[in-house]
Amino acid sequence: MENNMLSVKNLHATVEGKEILRGINLEVKAGEVHAIMGPNGSGKSTLASVLAGNEKFTVTEGSVEFLGHDLLSMSIEDRARLGLFLGFQYPVEIPGVTMANFMKLAVNEQRKYRGEEPLSAAEFLRLMKEKSAVVELSSKLTARAVNEGFSGGEKKKNEIFQMAMLDPKLAILDETDSGLDIDALRIVATGVTKLHTAENATVVITHYQRLLDYIVPDVVHVLYKGRIIYTGDKTLALKLEREGYDWLINEYDR
Amino acid sequence: MAENEKEILENLGEQEYKYGFTSAIETETLGKGLSEEVVRQISAKKGEPDWMTQRRVAAYRHWLTLEPPTWAHLRIPQIDFQDIIYYAAPKARKTLGSMDEVDPELKRTFDRLGIPLEEQMALAGVAVDAVMDSVSVKTTFKETLAEKGIIFCSISEALRDHPDLVKKYLGSVVPYTDNFYAALNAAVFSDGSFCYIPKGVRCPMELSTYFRINAAGTGQFERTLIVADEGAYVSYLEGCTAPQRDENQLHAAVVEIVVERDAEVKYSTVQNWYPGDKEGRGGIYNFVTKRGLCRENARLSWTQVETGSAITWKYPSCILAGDNSVGEFYSVAMTNNYQQADTGTKMIHIGRNTRSRIVSKGISAGQSENSYRGLVRVAKGAEHARNYSQCDSLLIGDKCGAHTFPVIDSRNRTAVVEHEATTSKISDDQLFYCNQRGLSTEDAVGLIVNGYAREVLAKLPMEFAVEAQKLLALQLEGTVG
């Protein structure tokens with residue numbers, strides 16, 4: 001097997017009969033960081049949702065291979081257990097369920113999938129403590145209900161904390177930078193960078209170059225009208241920041 | 001040694017069997033139907049004192065004047081009260097030789113609920129070890145209680161050994177005139193539990209383990225009377241998380257609690273009677289009257305987890321008669337498939353500075369109907385009474401119903417009564433979030449439901465809270481996705 005982690009070929013997807021993804025091709029290798037940029041409504045979040053398996057969307061064409069598995073035939077939870085993580089743009093609240101309880105279930109489901117024994121209470125607490133330090137998440141938050149009453153910044157830190165706990169092969173971060181102030185952005189982005197290794201890969205979906213000051217991408221893609229219309233290196237993000245998308249869009253639409 | 005032990009166990013098993021066999025022959029059953037004669041026969045068979053017989057007869061005569069209540073949000077099939085056997089001597093349960101003989105489905109449920117093996121055996125009716133075990137548990141238990149002067153026995157035993165206490169308190173909180181089913185129960189009740197905690201005594205244990213093992217054999221017209229004398233404390237647990245089946249479809253129990261000055265009673269219930277099948281056939285009709293009376297500075301707390309029965313009609317209530325008394329009601333009522341539940345509470349504030357708190361969490365799935373019905377009444381003299389009610393409903397799927405019928409009747413201007421209500425659904429976004437973290441949909445639903453009910457579950461005794469959590473998850477299997 002090559003070190004190809006994710007291979008998306010001609011992916012089409014619809015929601016309520018409307019085609020949002022119209023032929024995505026994307027190759028992500030272990031050790032890489034990809035940034036997906038593009039104007040609002042171009043299909044960035046849809047791509048993340050479809051890869052994670054959200055049933056709101058219907059895949060009408062194309063294939064996705066993830067770590068040698070046919071991703072599209074797998075359940076949402078099996079994709080997750082295999083090592084696909086989605087950092088949500090709008091993390092939901094689950095009242096009354098503590099973060100600790102939630103993560104314990106999640107971590108042990110993943111271990112079960114790999115044929116490993118569940119963690120003991122002591123091992124789990126140690127892991128929680130270690131990983132919450134990655135995003136400077138207060139231990140008080142892990143005792144609270146999942147995202148309940150969390151501030152915007154806390155919710156995003158909490159997403160990265162969960163990513164740290166689950167140690168995914170591929171993390172897709174959907175606008176993790178939106179709604180963050182400068183300090184929170186630095187903490188979240190530094191956290192993501194700390195978690196990056198030669199064995200895993202990260203796909204960062206973002207509007208802004210500012211996140212990419214911390215998380216330096218190897219490849220930058222521009223998504224527009226459900227297709228990747230341009231791919232470049234990290235300098236592309238800087239150019240987009242300066243000049244906007246118009247120069248690309250105009251060329252594409254013409 | 002090992003040989004010897006084996007022999008003893010074998011003998012014990014045989015004795016058990018013989019005993020069962022003999023009592024099976026001796027089982028006496030009155031015919032179907034209800035009449036004054038039947039009521040008198042029940043009393044006679046139980047060897048009750050004359051005053052008890054008179055009370056039963058009076059209750060029966062009153063019952064004849066009543067009609068079944070129809071005000072609940074329930075579709076209740078016509079019940080033929082003449083088609084019911086009102087007296088059968090306790091049935092000897094078939095004793096099983098080992099856990100291998102237990103219905104695998106039941107065993108699977110036990111395991112998933114995490115019920116300890118000894119209790120599993122006792123509940124399933126496995127002989128030898130379990131019998132030895134429960135006998136010894138019972139004995140040590142009784143000794144510890146006796147040292148403190150606590151009386152804990154069946155109502156029949158209490159009538160024989162402590163007639164004055166029973167005469168004083170039985171029917172003092174739920175008189176037979178209260179309602180149709182209370183009258184029926186007062187006339188024909190088979191047996192039940194009696195508990196008396198003397199002045200100033202704190203019951204040193206949850207009255208639970210003992211009860212759980214015995215709970216499996218409880219009858220259809222059960223009567224419970226708990227008296228906590230001045231300054232006493234007891235935590236009482238009724239029911240069982242393990243699924244319970246009963247040949248009798250109609251259940252009409254009465255629970256009365258007297259909480260004297262400065263005393264405190266916690267009453268927890270886990271109700272898991274047979275709910276009927278997925279198409280709504282069969283299942284228990286559960287019409288229960290539960291009420292407690294609080295004297296000065298007394299405190300009564302009801303906690304219930306209702307997951308079973310085809311029909312549940314049940315309103316554990318507090319009469320806050322004494323000044324500064326406190327009543328609490330914490331409830332999780334879950335209905336699935338074609339189950340119907342109409343449950344809630346009544347808080348009757350009579351004394352000054354009385355306080356009450358109601359937390360009701362309804363969960364409806366399948367095609368079920370789940371109603372909260374509550375009354376908060378503040379009497380004229382209940383100065384500075386306070387009530388807080390919170391009624392939440394959680395809907396799973398789009399074919400079930402959740403209803404709230406709160407009534408507030410305040411006749412004192414200084415009273416403060418608050419009511420909050422919410423209705424929510426398990427959202428696709430919540431499920432997707434959980435799935436994306438590697439949780440199966442069933443686990444996710446269980447988790448979300450338990451989170452929703454946490455405030456109530458936290459009121460249960462520890463080991464039961466854990467079982468109740470698993471029970472909720474188990475009952476919801478297959479409701480989503």
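Structure's up top.
In this report, we go over the structure that sits alongside the text.

Cut-offs applied
For every chain, the first residue of the written sequence is number 1, and numbering continues from 1 onward in sequence order. For naming, the first written chain is A and the first written ligand is 1, with later ones following in the order written. Predicted model: local features are reported for residues with pLDDT of at least 70 only, side-chain atom pairs are reported and counted for 80 or more only, and whole-chain, interface and lining totals are derived from all residues. A pair of residues counts as a contact when their C-beta atoms, built from backbone coordinates, are within 7 Å of each other. Numbering of helices and strands runs from the N terminus, with a helix taken as a DSSP run of H or I at least four residues long and a strand as a DSSP run of E at least two residues long. Three classes are used. A residue is buried when 20 or more other C-beta atoms lie within 10 Å of its own, exposed when 12 or fewer do, and partly exposed in between, with C-beta atoms placed from the backbone. A pair of strands is considered paired only if DSSP assigns at least 2 bridges between the two. Here an axis means a line fitted to C-alpha atoms, over the contact stretch when the element is a helix, while the angle between two N-to-C directions is reported on a 0 to 180 degree scale. For this entry, the nonpolar core is defined as buried Ala, Val, Leu, Ile, Met, Phe, Trp, Tyr and Cys residues connected by C-beta atoms within 7 Å. An angle below 35 degrees is treated as roughly parallel, one above 145 as roughly antiparallel, one from 65 to 115 as roughly perpendicular, and anything else as oblique. Here is the rule for handedness: rotate from the far helix to the near one, and if that takes an anticlockwise turn smaller than a right angle the crossing is left-handed, while a clockwise turn gives right-handed. Amino acids outside the nonpolar list (Ala, Val, Leu, Ile, Met, Phe, Trp, Tyr, Cys, Pro) and the charged list (Asp, Glu, Lys, Arg) are all regarded as polar, and Gly is one of them.

1. A word on the interface of chain A and chain B
Then, in step 1: Taken together, the contact between chain A and chain B spans 20 residues of the former and 16 residues of the latter.
Then, in step 2: Put simply, the parts of the chain that give the side of chain A that touches chain B at least two residues each are α2 (76–82), β7 (94–98) and α3 (99–113) of chain A.

2. A look at the pairing of strand β12 (residues 326–335) of chain B
Within a regular beta strand, the side chains point alternately toward one face of the sheet and then the other, so they alternate between its two faces.
Residues and elements named next belong to chain B.
Then, in step 1: Summarising burial for β12: nine of the 10 residues are buried, a large majority.
Then, in step 2: Here strand β9 (residues 299–306) runs beside β12; their pairing, made up of eight bridges, is parallel. Along β12, the bridge assignment pairs W302 with F329.
Then, in step 3: As defined by bridge partners, β12 adjoins strand β14 (residues 355–364) across 10 bridges and the pair is classed as parallel.

3. Section: the sheet that holds strand β9 (residues 170–174) of chain A
Residues and elements named next belong to chain A.
Then, in step 1: Strand order in this open sheet of six strands is β6-β9-β10-β3-β11-β12, and the pairing throughout is mixed. Single-partner strands in this sheet number two, and they are β6 (84–87) and β12 (227–232). Within the sheet, the average angular offset between the axes of one strand and its neighbour, ignoring direction, is 20°.
Then, in step 2: Where strand β11 (residues 219–224) and β12 come together, five bridges link them in antiparallel fashion. Bridge pairing in β12 places L223 opposite I228.

4. Here's the deal with the nonpolar core
Then, in step 1: One finds V259, V265 and V449 of chain B to be the most contacted residues of the largest nonpolar core, which totals 186 residues.
Then, in step 2: With seven residues, the single largest contributor to this core is helix α9 (residues 180–188) of chain B.

5. Quick look at the packing of helix α4 (residues 121–134) of chain A against helix α6 (residues 152–166) of chain A
Relative placement of two packed helices is described by the angle separating their axes and the distance separating the axes.
Residue and element names in this part refer to chain A.
Then, in step 1: At their nearest, the axes of α4 and α6 sit 9 Å apart, and the two run at 135° to each other. On the basis of their axis angle, the class for α4 and α6 is oblique. Read as a crossing pair, α4 and α6 show a hand that is right-handed. Touching L127, K131, S132 and V134 of α4 are F161, A164 and M165, all from α6.
Then, in step 2: Its residues placed into classes, the contact of α4 with α6 shows five nonpolar, one polar and one charged.

6. Overview of the packing of helix α11 (residues 428–436) of chain B against helix α12 (residues 441–452) of chain B
Residues and elements named next belong to chain B.
Then, in step 1: Close contact between α11 and α12 brings their axes to 9 Å; oriented N to C, the two are set at 120°. Put simply, α11 runs oblique to α12. At the point where α11 passes α12, the crossing takes the right-handed sense. Contact residues: α11 offers Q430, L431, C434 and N435, while α12 offers T441, A444, L447 and I448.
Then, in step 2: By residue class, the composition of the contact of α11 with α12 is five nonpolar, three polar and no charged.

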